[in-house]
Amino acid sequence: MSGSSQRFNKPSNGKRGHKSSVYEEDHLSFVSAEENLHALVIGYEDQPTPIQSMPMMSSFNDSIRPILDAVDQLRNLMVMKEGIQLPTIVVVGDQSSGKSSVLESLAGISLPRGQGICTRVPLIMRLQHNTSLIPEIFLEFNGKTIQTDEANVADAINTATEEIAGGGKGISDAPLTLVVKKNGLPDLTMVDLPGITRVPVHGQPDNIYEQIAAIVMQYIQPEESIILNVLPASVDFTTCESIRMSRQVDKTGQRTLAVVTKADKAPEGLLEKVTADDVNIGLGYVCVRNRIGDESYENARMEEANLFATHPLLSRIDKSIVGIPVLAKKLMHIQATIMARCWPEIVGKINEKLNGNVEELNRMPKAMSSVAEFLTAFMQVIGSAKDSLRKTLVRGEYDEYPDDRNMHCVARVAEMFNQYSADLLNCPGSDHTRNFLMDEIRVLEEAKAIELPNFLPRLAFLSLLERKVEGVSHLLFGFVEKVWAYFENVVLSVSMRHTENFPQVLFTTKRACQKLMVKMREQSVDWVSEIVQMEKLTDYTSSPDYLNEWNMLMSHRQAFIDHVQKNESSKMKIEGFGEVEIGNLREYQPLLSSAFDLRMRMTAYWKIVLRRLVDCMALHLQLSVRNLVDKELEKETITELMGTNGGKLEMMLEEAPSVAAKRSRLKASIELLREARDVLSNIMDKVYA
C-alpha cells in the first residue's frame, strides 16, 4: 500500500487555498487533525492482515469514525449542492460483475438479488462497527428513517427503491442510505451505483445506458472520489464498460482500485492479468471469492482463504492482494488517506462559501412591508445613485469602476471635447488659405452701392460670417448628440446598478432616466441653435486679440498687392497666414485691397468665434451635468414614481419573483452551511477527546 499513500499526499500549506476568515482558528485545528490522521494511516498500513479470520475492526475504527461520521452528516446535508465535493468510495461495475456479492461480504448482510439491474438508485452504504452483538440496520430516504433487520433488509431496500424510483425497472439518481451497525464491521462509507448495461430489458427505458452512465459519471467525476471498480475474473478487463468510464475521469488510475470477483470460476491467467495491469489501476487489485449459495459469511471467508492458499494457480498470487479482509483494510486505509487530504479543503470551502453567501445576502435589500420603508429605501437608492454620478461625472473619480474605462467619465468626455475642438479647427471653413479672396471678391461685387469709396460694407462681412458659421454648425449639433448619448449610457448604467436589487423601482428609474436624457438633450440642442443664430447674426468681441491679429495681418497687404501686380509667380507666402494662390487674382486688382482686408478681418474674428464655441460648450456641459445630478435626476424620478400606478405606492412593495427566489436560495444555503460548520466544529471535540 505504499503506492497509495504516495498518491494521496497531504497538501502543503501553500496549496490549501484557504483564505483567512473568522474561522481561521477552527481551520488550523482541522489541519492538526489531518496530520494526526496521516500518522494513524501510516501506522495502520504497516499492520499485518490475517487471512484465516476477518479482523476488520480495530482501534483504527475508533479514530477514523468521528471523521467518517462528519462526512456522512455533510453528505446528508447535501453540501454537494453548494459545490463542495466529499471524499467518497464509489462502487461501479458492469451488470452481473459481482458488485452485490462484494458489498454483502463487507457488510455481512444480504442485498437484493435477481435478474437484470438489482441496484436502481445510488445506495449509500454506511458500515459501522458496533460493540453490541445485536446488529442495528436502518434505511434513510425522502426525509424518513426505516428500521429493519438482517432477515428483511433486502426486502426493505426493494420497497424503498420502489418508492424512490417507482415500480418496474427504471432507475433514479435520488440516493438511498443504508446504515449497518454490526460487531466486527469495518468503518466504511461507500456508494453502490446501478450496474452498467447497454441492452435494456423488458420494462426498462430505451436510454437506460445513458441514464446509468450519467449517474456513474456524476459520482466518479469529482477528484475527491475513489473508484472501486468491480471486475469479474472471467472477462477481458479492457472490454469492461466500467473501466472505460473510470479511465475517462481518472486517466492515470491514481484513484481507482479494482476488485476481481469470481476468482474461483476463472483462475486461469488471473495472475497475469493483475500483474500486467493493462487497464492502469493505480491503487492496485484485490482478488476475492464470491459467497456461494447459503454459505455463512464466516464459512465463505474460510473457503476464500483456503482457495488462495491451496489452489495451484491462485495460490501464486501475492497474499497482500487477495481476500475480503485485505479489501476491507485497503478500503479503510484509502478512505482515511483521502479524508486526510481533503479535510482542510472541505473546511476552507465551507467557510468561504458561507462567508460569501452572508455577504451577498447582506447586500440585498430587506423585504419591505410598508410604504414608509419603501420610500426610505427609494430615497437611499436615489441618494447613492446621485453620489456615484457626482463622483464619475463631476469629480472624475472612478474607484467604483476601476477596470471599466468607459465609466471613467470625465476623461472620456475630455477626449470627446478635445476631438470636437480639433474638428472645428481643422474643418474646411477654418482653412483661410483655401480659395483665397474669391469668396470676398464675389461678396464685394454683389455689395456695390452708390456711396463713398474705401468703406467695407458690413453686409459683406456678415454674409461671409453667416456662411462660415452655418458650415460648422453640424459639428456642434453632432457633438451634443454624441456627448448626451454617452451621458445617457452612464446614467442608466449607474442607476440600474443601484436599483438592481429593487425591482419595484428599477423600471421606474429607468423610464425616468430615459425621459430626463431626452429633455436634457433637447435643452442642449436648443442652446446650440441659439448660439449658432447669435454667431450668424452678430459680429462682436471685446477681446484685444482681434485687433492685434488683424493689424498684424494687414501689415502685409501692400506687399501682397505688389506681388500680384509683378506677376512673378502664382503663389505667395504671407507671414503669419500661410501660402496662398494668387495667379487667378490679377484680373480683380481693383477689389484686392478691400478683399484682402475682409479676409484678414474674418481670419482674426474667426479665431474668436471658434474660441467662443469651444468655451461656451464646455461651460454649458458642466452646468448641465451638475443640474442633472444635483436637481433633475431626483425630481424626474420622483415624478415618474408618483405617476406609476396612479401613485398607489402599496403596489410597489412586492418583491420580484427572481429577487425573492434569490433571497430564499441564499437563506437556505446559509442555513445548510452553518449546519455543516457546526458539524465540523462538533467533530473536533471527538477527535481531541
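Residues numbered from 1 in each chain as written. Predicted model: local features only at pLDDT ≥ 70, side-chain atom pairs only at ≥ 80, totals over all residues. Heavy atoms only, no water.

An unreviewed UniProt entry lists the protein chain under the name dynamin, with Salix purpurea given as the organism.

Right, let's talk about the overall build of the protein chain for a bit. When its secondary structure is counted, the protein chain shows 19 helices and 11 strands. Considering only intrachain contacts with a sequence separation of at least 6, the fraction spanning at least 24 residues in the protein chain is 79%. Accessible surface, the protein chain: about 32,400 Å² in total, of which carbon and sulfur atoms supply 51%. (Helix = DSSP H or I, 4+ residues; strand = E, 2+ residues; numbered from the N terminus. Contact = heavy atoms within 4.5 Å. Areas by Shrake-Rupley, 256 points an atom, 1.4 Å probe, with all protein chains shown as cover.)

A word on the nonpolar core. Core analysis: the biggest nonpolar cluster contains 78 residues, and Leu-393, Phe-436 and Phe-560 have the highest contact counts within it. The leading source of residues in this core is helix H18 (residues 589-643), at 21 residues. Not counting residues up to four positions away in its chain, the partners in contact with Phe-560 are Phe-436, Leu-437, Met-572, Ile-574, Ile-582, Leu-585 and Phe-596. If you look at the next biggest cluster of nonpolar residues, it comprises 69 residues, including Val-121, Ile-324, Ile-338 and Ile-350. (Core = buried A, V, L, I, M, F, W, Y, C linked by side-chain atoms within 4.5 Å. Buried < 20%, exposed > 50% of the residue type's maximum accessible area, 1.4 Å probe, protein only.)

Moving on to the side chain of Asn-130. If you trace the backbone, Asn-130 turns up in the loop between strand S2 (123-129) and strand S3 (136-141). If we ignore the near neighbours within four places in the chain, the residues touching Asn-130 are Glu-136, Lys-181, Lys-182 and Asn-183.

Below, the discussion takes up unusual backbone geometry. The backbone phi angle of Asp-277 is positive, close to 50°, even though this residue is not glycine. Position of Asp-277 relative to the elements: it lies in the loop between helix H8 (270-276) and strand S9 (285-287). Exposure remark for Asp-277: the relative accessible area of 24% places this residue in the partly exposed category. Phi angles above zero are rare outside glycine, and Asn-435 is one such case at about 55°. On the secondary structure map, Asn-435 appears in the loop between helix H12 (409-426) and helix H13 (438-446).

Along an α-helix, a turn takes 3.6 residues, which lines up residues three or four apart on a common side. Considered for burial, the residues of H13 that qualify are Met-438, Glu-440, Ile-441, Val-443 and Leu-444. Packing partners of the buried residues in H13 comprise helix H14 (458-499) and H18.

In any sheet, the strands associate via hydrogen bonds between backbone groups, in a parallel or an antiparallel arrangement. Read from one edge to the other, the open sheet built from 9 strands follows the order S4-S3-S5-S2-S6-S1-S7-S8-S9, with strand pairing classed as mixed. Each edge of the open sheet carries a strand with a single partner, namely strand S4 (144-148) and S9. Taken pair by pair, the neighbouring strands of this sheet meet at an average axis angle of 25°, ignoring direction. Sheet analysis places strand S1 (residues 88-93) next to strand S6 (residues 188-192), joined by 3 bridges and oriented parallel. From the neighbouring strand, Val-90 faces S6, where its bridge partner is Val-191. Sitting on the sheet, helix H5 (residues 153-165) touches S3, S4 and strand S5 (176-182), and the angle it makes with S3 is about 5°. Across the sheet, helix H7 (residues 241-249) lies against S1, strand S7 (225-232) and strand S8 (256-261), angled at about 155° from S7, the strand it touches most. (Pairing = 2+ DSSP bridges. Axes fitted to C-alpha atoms, helices over the stretch in contact; angles between N-to-C directions.)

Bridge count for S3 against S5 is 5 bridges, and the pairing is antiparallel. For Leu-139, the partnering residue across the bridge sits in S5 and is Leu-178. Relative to S4, S3 is paired through 5 bridges, and the arrangement is antiparallel. Bridge pairing in S4 places Phe-141 opposite Lys-144.

So, on to the pairing of strand S11 (residues 578-581). Taken together, the 4 bridges between strand S10 (residues 571-574) and S11 define a ladder with antiparallel strand orientation. Residue pairing across strands places Ile-574 opposite Gly-578, the latter belonging to S11. The turn joining S10 and S11, which pair antiparallel and follow one another in sequence, is formed by 3 residues; a positive phi near 80° is taken by Gly-576.

Bringing the pattern of salt bridges into the picture now. Applying the stated criterion across every chain, the model contains 37 salt bridges. Notably, a salt bridge pairs Glu-636 with Lys-519, separated by 3.4 Å at the nearest N-O pair. One end of the pair, Glu-636, is in helix H18; the other, Lys-519, is in helix H15 (residues 503-537), and 117 residues separate them in sequence. Residues participating in the shared-partner salt-bridge network are Lys-391, Asp-399, Glu-400 and Arg-497. (Salt bridge = Lys/Arg side-chain N within 4 Å of Asp/Glu carboxyl O.)

Contact pair helix H11 (residues 371-395) / H18: the axes reach a minimum separation of 10 Å and the direction vectors enclose 155°. In terms of orientation, H11 and H18 fall into the roughly antiparallel class. Remark: the crossing between H11 and H18 carries right-handed chirality. Contacts from Phe-374, Phe-378, Met-379, Ile-382, Lys-386, Leu-389, Arg-390, Leu-393 and Val-394 in H11 reach Val-625, Arg-626, Leu-628, Val-629, Asp-630, Leu-633, Glu-634, Thr-637, Ile-638 and Leu-641 in H18. Class assignment of the residues belonging to the contact of H11 with H18 gives a composition of 13 nonpolar, 1 polar and 5 charged. (Parallel < 35°, antiparallel > 145°, perpendicular 65-115°, else oblique. Left-handed = near helix turned anticlockwise from the far one by under 90°. Nonpolar A, V, L, I, M, F, W, Y, C, P; charged D, E, K, R; others polar.)

This brings us to the packing of H11 against H14. For the pair H11 and H14, the least separation of the axes is 9 Å and the interaxial angle reads 140°. By the angle between their directions, the pair H11 and H14 is classed as oblique. Like other packed secondary-structure pairs, H11 and H14 cross with a definite hand, here right-handed. Packed against H11, whose contacting residues are Val-381, Ser-384, Ala-385, Ser-388, Leu-389 and Leu-393, the element H14 presents Phe-487, Val-490, Val-491, Val-494, Arg-497, His-498 and Thr-499 at the interface. Across the contact of H11 with H14, the residue classes tally to 8 nonpolar, 4 polar and 1 charged.

Summarising the element assignment, Cys-342 is placed in helix H10 (residues 324-363). Using a relative accessible area of 1% as the deciding quantity, one classes Cys-342 as buried. Expressed as a C-alpha distance, the spacing of Cys-342 and Gln-85, which sit 257 residues apart in the sequence, is 9.1 Å.

Taken as a whole, the protein chain shows an average pLDDT of 83; of its residues, 86% reach a score of 70 or greater. Here residues 39-46 is a poorly scored stretch, pLDDT under 50, and it has 15 contacts once near neighbours within four places are set aside; other chains count. Of the regions scoring below 50 in pLDDT, residues 48-59 engages in 29 contacts with residues more than four places distant in sequence or in other chains. (pLDDT = per-residue confidence, 0-100.)

According to the stated counting rule, one finds 12 aromatic pairs in the structure shown. Ring geometry for Phe-417 versus Tyr-420: centroids 5.7 Å apart, planes at 50°, classification tilted. Of this pair, Phe-417 and Tyr-420 both sit in helix H12, 3 residues apart, which is roughly one turn of the helix. Grouping residues by exposure puts Phe-417 and Tyr-420 together as buried. With a centroid separation of 5.0 Å and an interplanar angle of 25°, the aromatic rings of Phe-560 and Phe-596 are classed as stacked. Of this pair, Phe-560 sits in helix H17 (residues 557-566) while Phe-596 sits in helix H18, and the two are 36 residues apart along the sequence. Phe-596 matches Phe-560 in its accessibility class, with the two residues each being buried. Within the aromatic cluster, the residues linked to one another by ring pairs are Phe-436, Phe-560, Phe-577 and Phe-596. For Lys-273, the ring lying beneath its charged end belongs to Phe-237, and the centroid distance is 4.9 Å. We note Lys-468 situated over the ring of Trp-606; from NZ or CZ to the ring centre the distance is 4.6 Å. (Phe/Tyr/Trp six-rings, centres within 6.5 Å; stacked < 30°, edge-to-face > 60°. Lys NZ or Arg CZ within 6 Å of the ring centre and 35° of its normal.)

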